[in-house]
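# Chains, contacts and geometry: an overview
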Amino acid sequence: MTSFIGPFATDFMLRALIGGSLCAAICAVVGTWVVIRGMAFLGEAMAHGMLPGVALATLAGVPVILGAAGSAVVMSLGVSLLARRGRLSHDTSIGLFFVGMLATGVIIISHSRSFATDATAILFGDVLAIGSGDLRLLAGALLLTVLVAAAFHRAFVALAFDRRIAQVMGLRPRLAQVLLVGLVTLAVVVSYQAVGALLVIGLLLAPAVAAAPWTTRIPNTMALAALVGVLSVVLGLLASWHLGTAAGASIALAAIACAAVSSILRDITRRRPATSPSDSSTGSEPVAAPSQKALRANA
Amino acid sequence: MDVLAFLLEPLQYGFLTRALAVTVAAAVVAAVLSCWLILMGWSLMGDAVSHAVLPGVALAYILGIPFSIGAFVFGAGAVALIGIVRSTTKLKADTVIGVVFTALFASGLAIVSATPSQVDLMHILFGNVLGVSAGDVWQVLILGAVTLAVLLFKRRDLTLLAFDRTHAHVIGLNTRLLSALLLGLLALTVVVGLQAVGIILVVAMLITPGATAFLLSRSFDRMLGIAVVLTVTASVAGIYASYYLDISTGAAVVLCQALVFTAVYLFARPDGVLWQARRRAAARAGSGRLAAPRSAA
C-alpha cells in the first residue's frame, strides 16, 4: 500500500498528481469531441505548432503560456484560411502549417543554444515541475472548458450530426466549429506541461476512446473519460516513480493501456450491439442506466 | 566573396558533402511519395509512421543492430496495427492512427528514458545529418533507390488507386495489396528520411513537396517532376543556409520547402491567392465574369 500512497506524500508528486488530473479532466471534455468530430490531426498539429511560440516566449522572458496561445491562434487561423482559399484538402493544409511552425521552432531553438534543455521540456513536458501558479491556471482552464462545453452542447451535437440541420435550427455551426477549435487549442496549450507537445494527443484521444463504448450520452462519456484520465495520471506517475521512466510518456502510455483494456473488456462483456456516441443519432437523449456500465468499466 | 567560392566553400568538408547527398536522396524519394499521399489524404499517416519508429530506433541502438532495421520493423508494425485496430473497432481512422502512434512513441520515450546509454534522443528526433558516415550514405542511397524503383514501377496502378479506388478494384487490381504496398513504402521512406531530418520533421518532406507541386500542375506526371525539382532546390538551399547562418540543418531544409510553398501559394499563375484576388477585383469592376475556377481536389 505504501508503494501506492507513499510517492504522493512528497510535495512535487502531489502537485504533479493534481495538475495531471486537471489536465486529464480538460482533455476528457475536449477529447470526447475530438474523437466524435475526427479532429485528431488538428490536435496533433496544434501541439507541435506551439513550439516557436513557446521558444520565443522563453527567450523574451514572457509567460510561456502567452507564446503557446499566440502560435496556436496563428495555426488555427492559417489552417482555416489555407483550406478555404486554396485547392488543398484540409489535412494537407494542417500538415503544411504544422511542419512550417515546427521547423521555425527548431531553428529558433538551434540558433540560441542556451536553452537546449528547455526544448526537451517543451516536447516531453515536465509534470514534476508544475508549480502552484500553474495549478491555478489549470483550474481556471478547466472551469472555462466545462462552461463552454455545457453552454454550447446543443450546437456541438447538431454540428456533429448534420451541419445543414444545425444551420436551419439556428445553432450557428460555424461558431460551434470555431469554438471547438478554440477548446482544442486551450486543452493543448494548458496541458503540454503535463505530457509534452508530442504526447498531448494521447491524453486527448485515449481516455475518450476508452470511455466511448460504455456510455451512450456524451456528458457521461466525458465524465468517464475524465475518470480514466485521472487513473492514467496516477498509474503513469507511479510507474515513473518506481521504474524511473519519463513521467509524461508513462502517463500517455497508461492512458493508451486503459483504452486497450477497455476495448478488450467490452469484447468480453458484449451482450448486445454496442452503441457509441459517434454513430447513435440519439446522442442528446437520455438513455437508461449508463452509470451502472460506467462503474463496471472503471472496476 | 564571389559566387563560386560561396558555393564551393562548404563542399571542402567531407561531412557536408555527405549531408548533401543524404538530404537530396531522402528528399527526392519523399517528394515522389508525397504526390500520392497528398492525393489520398494520408498526411496524418506519414506523421504517425514517422513517430512510431522511435522505439525501433531506440531498441536498435541498444541491441547494436543497424537502426534502419529497427525503424522499418516498427514502421511497418505501426501500419499493420493501425489496420487491425481499424478493422476490429468502429473508431474513426484518425482516432485509431492517433492512439496507435502515441502508444508507440510513448513506449519509445519510456525505453530511452529508462536506459541511460549513448542514445541521443535529440539526434533521433531532429536528425543528425552532419554526423552521417560513408556507410550511412550507402544505406540511404540503396534504400532510397529501391523505394523509388518500386514506386515508379507501380506508378500507374498507384495513381488509379489514388483517384478512383472502386474503378481500380473493378478492373482487377488488388487494391488492398496496393494500399499495403504504398504504406510499406511510406515506412521505408521514413527510414530514409530519418537520417536527414529526424523523426519529427520527416513528415514535412512527405507533405510539402507534393502540396506545392499540386498547386502548380494539372497532370500527375508533371506533378511528380515539379515536386522533385522543387525539393532538390529546397534541400540544397537549406544545407547552404544551415552552413552560413549556423542553424539546425534539418529545420533549415524544411523551412526552405515551406518558403517555396508560400511563394507558390501567393504568386503562382493562375491559381495563386494574389491572382485570384486580382481576378475577383476585376470581376467586381464589371469587366466580364471570369471568376476564378476553384476546382476542388
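This one's a predicted model, so the numbers in the text were calculated from it and none came from an experiment.

So, how was this worked out
- Residues numbered from 1 in each chain as written.
- Chains lettered and ligands numbered in written order.
- Predicted model: local features only at pLDDT ≥ 70, side-chain atom pairs only at ≥ 80, totals over all residues.
- Heavy atoms only, no water.
- Helix = DSSP H or I, 4+ residues; strand = E, 2+ residues; numbered from the N terminus.
- Buried < 20%, exposed > 50% of the residue type's maximum accessible area, 1.4 Å probe, protein only.
- Contact = heavy atoms within 4.5 Å.
- Areas by Shrake-Rupley, 256 points an atom, 1.4 Å probe, with all protein chains shown as cover.
- Core = buried A, V, L, I, M, F, W, Y, C linked by side-chain atoms within 4.5 Å.
- Salt bridge = Lys/Arg side-chain N within 4 Å of Asp/Glu carboxyl O.
- Polar contact = N/O pair within 3.5 Å; in protein donor to acceptor, adjacent residues only side chain to side chain.
- Phe/Tyr/Trp six-rings, centres within 6.5 Å; stacked < 30°, edge-to-face > 60°.

### A look at the overall build of chain A
- If you tally the helices and strands in chain A, you get 15 helices and zero strands.
- For chain A, with 299 residues in total, the buried portion stands at 56%.
- Excluding contacts between residues fewer than 6 apart, the proportion of contacts in chain A whose partners are at least 24 apart in sequence is 75%.
- Of the roughly 12200 Å² that chain A leaves accessible, carbon and sulfur atoms contribute 67%.

### Focus: the nonpolar core
- Grouped together as the largest cluster of nonpolar side chains are 198 residues, with contacts concentrated most on A:Leu237, B:Trp36 and B:Leu186.
- Among the elements that line this core, the one with the most residues is helix α11 (residues 175-216) of chain B, at 26 residues.
- Ignoring any residue separated from it by four or fewer positions in sequence, one finds B:Leu186 in contact with B:Leu33, B:Leu37, B:Met45, B:Gly46, B:Val49 and B:Leu206.
- Core analysis: the second largest hydrophobic core is formed by six residues, A:Ala28, A:Leu224, A:Ala225 and A:Ala226 among them.

### Some details on the pattern of salt bridges
- Enumeration according to the criterion identifies three salt bridges over all chains in this entry.
- With a closest N to O distance of 3.6 Å, A:Asp11 and A:Arg15 form a salt bridge. Of the two residues, A:Asp11 and A:Arg15 both sit in helix α2 (residues 11-37), four residues apart, roughly one turn of that helix.
- Since its relative accessible area comes to 54%, A:Asp11 is described here as exposed.
- The salt bridge involving B:Arg155 is made with B:Asp221; its shortest N-O contact spans 3.5 Å. Highlighted residues: B:Arg155 in helix α9 (residues 155-163) and B:Asp221 in helix α12 (residues 220-245), separated in sequence by 66 residues.

### With respect to the environment of A:Ala212
- Summarising the element assignment, A:Ala212 is placed in the loop between α12 (200-211) and α13 (218-243).
- Relative accessible area serves as the criterion here: at 10%, A:Ala212 is assigned to the buried category.

### Describing the interface of chain A and chain B
- Between chain A and chain B, the residue contacts involve 51 residues of the former and 57 residues of the latter.
- Counting the contacts that link chain A with chain B gives zero salt bridges.
- The tally of links between chain A and chain B comes to five residue pairs in polar contact (both at pLDDT 80 or more).
- Element by element, the count of residues in the side of chain A that touches chain B is highest for helix α6 (residues 90-111) of chain A, at 14 residues.

### A look at the packing of aromatic side chains
- For the structure shown, the criterion picks out nine aromatic pairs over all chains.
- A ring pair is formed by A:Phe12 and A:Trp241, whose centres lie 6.5 Å apart and whose planes are at 35°; its orientation type is tilted. Of the two residues, A:Phe12 sits in helix α2 while A:Trp241 sits in helix α13, which places them 229 residues apart along the sequence.
- Classification of A:Phe12 by relative accessible area gives partly exposed; the value is 33%.
- When its relative accessible area of 38% is taken as the criterion, A:Trp241 is described as partly exposed.
- Consider the rings of B:Tyr13 and B:Tyr243, whose centres lie 6.1 Å apart with planes at 40°: the pair is tilted. With B:Tyr13 in the loop between α1 (3-8) and α2 (14-40) and B:Tyr243 in helix α12, the pair connects residues that are 230 residues apart, well separated along the chain.
- Given a relative accessible area of 34%, B:Tyr13 falls into the partly exposed group.
- Residue B:Tyr243 is classed as partly exposed on the basis of its relative accessible area of 24%.

### Quick word on the side chain of B:Thr189
- When you line up the elements, B:Thr189 lands in helix α11.
- Apart from residues no more than four positions distant in its own chain, B:Thr189 is found in contact with B:Val29, B:Ala30, B:Leu33, B:Thr147 and B:Leu206.

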